[in-house]
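# What the coordinates show
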Amino acid sequence: MNVNPHIAVIGAGIAGLACARSLADAGVRVTVLDKSRGPGGRTSTRRGEGWACDHGAQYFTARHPEFIEELAAWRAAGVAAPWPARITVFDADGRRGLHGQEARFVGTPRMTAPARHLAQGLDLRVQLTVSALQRYPHGWEIATAERGMLPEAFDGVLLAVPSPQAVPLLQPLSPALAAAAQAARMQACWALMARFDAPLAVDFDAAFVNHGPLRWIARDRSKPGRDGLETWSLHASAEWSEAHIEDTPERVALALVGAFEALGGRMPLGWAAHRWRYAITESALDGGCAWDAAQALGVCGDWTNGGRVEGAWLSGRALARQVLDGLAAG
């Protein structure tokens, strides 16, 4: 790798941004590419006229000392805050309280805020879908669906995308990394953003649901920094989402709203549906990331480290550490 390397990070979710931020803070030149309109990945918020709703990651927790320290920095910057939600649990045989709750946090004023904070000052290029990677003696070249080949070559490429999207990029280059990505099964999640003209008369802010099509429901306005119309995020279970992955949004809404009504909700004023094809991770890589030093090719992401926001951040940091250790040794 060059003395002053230029690294490409593909994916601007929490893992990719944590990796890029760590590298950039260490003086490495980094370019981040993402197919979406902005950073955040599944820490995502949908906005409409007079309403907003977190429809991806709903909250995060902090257990690892490094992430606890990072969370303190986010809170000091005003991009995260505690969410003292009243949370209940609906089982098939009734409702019960949730005891022994650990502290939950959310981005403020939206779940995208921590990602935007991490992205400050980075060379972030959005609405670019990476379609192929090719390594030459002069470095890595990257092809995109929207603009063809990027004009510069890179000294290393780090993939921070869902494992099913990483596999086709990795297979021609590193069978070992491709096999690791292929082994990490990611499941879908249908999300419904339901808006109402008045607050729902229920005595809870969120609930885990252990029967029927739903797995999670949450009142968005109960989170700090939110305003606008009353909105609820309804997440289907992984099993139901997988079984109904090709259903129309209308059929999904009919099923999820019906289940929500049975829990004390009502028919919404309006709704929007989003299908997360790769939302929930069943397995992970040992070490939270993988790095092929010989090719200067690596992977990180929540799918490598337990599927949570904290795991994604730790994964990105771990990969950056391996890259920096390699630079120091070289």
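Structural data are supplied above this passage.
### Quick word on the pairing of strand β10 (residues 130-136)
Examined bridge by bridge, β10 and strand β11 (residues 139-144) share 6 bridges and lie antiparallel to one another. Within the sheet, the bridge partner assigned to Q134 lies in β11 and is E141. From the end of β10 to the start of β11, which pair antiparallel, there are 2 residues.

### As for the packing of aromatic side chains
Tallying each qualifying case throughout the model produces 13 aromatic pairs. Ring centres 6.0 Å apart and planes at 80 degrees place the aromatic pair F204 and W232 in the edge-to-face group. Of this pair, F204 sits in the loop between β14 (186-196) and β15 (206-209) while W232 sits in strand β17 (residues 230-236), placing them 28 residues apart in sequence. Taking the relative accessible area as the measure of exposure, F204 reaches 4% and is therefore buried.

### Some words on the pattern of salt bridges
By the definition in use, this model includes 18 salt bridges. Across the salt bridge formed by E102 and R63, the nearest N and O atoms sit 2.6 Å from each other. With E102 in the loop between β7 (94-97) and β8 (105-107) and R63 in the loop between β4 (51-54) and α2 (65-77), the pair connects residues that are 39 residues apart, well separated along the chain. On the basis of relative accessible area, E102 is assigned to the partly exposed category, the value being 34%. Taking the relative accessible area as the measure of exposure, R63 reaches 47% and is therefore partly exposed.

### Here's the deal with unusual backbone geometry
Put simply, T108 and P109 share a cis peptide bond, and its omega is 5 degrees. Mapped onto the fold, P109 is located in the loop between β8 and α3 (113-119).

### Here we look at the state of the cysteines
Here the structure, examined in full by the defined rule, presents 0 disulfides. You can see C53 has no disulfide; the closest cysteine sulfur is in C189, sitting 12 Å from it. Judged by relative accessible area, which is 0%, C53 ranks as buried. This cysteine, C289, is not joined by any disulfide, and C300 carries the nearest cysteine sulfur, 7.2 Å off.

How each quantity is defined
Residues numbered from 1 in each chain as written. Predicted model: local features only at pLDDT ≥ 70, side-chain atom pairs only at ≥ 80, totals over all residues. Heavy atoms only, no water. Pairing = 2+ DSSP bridges. Helix = DSSP H or I, 4+ residues; strand = E, 2+ residues; numbered from the N terminus. Phe/Tyr/Trp six-rings, centres within 6.5 Å; stacked < 30°, edge-to-face > 60°. Buried < 20%, exposed > 50% of the residue type's maximum accessible area, 1.4 Å probe, protein only. Salt bridge = Lys/Arg side-chain N within 4 Å of Asp/Glu carboxyl O. Disulfide = S-S within 2.5 Å.

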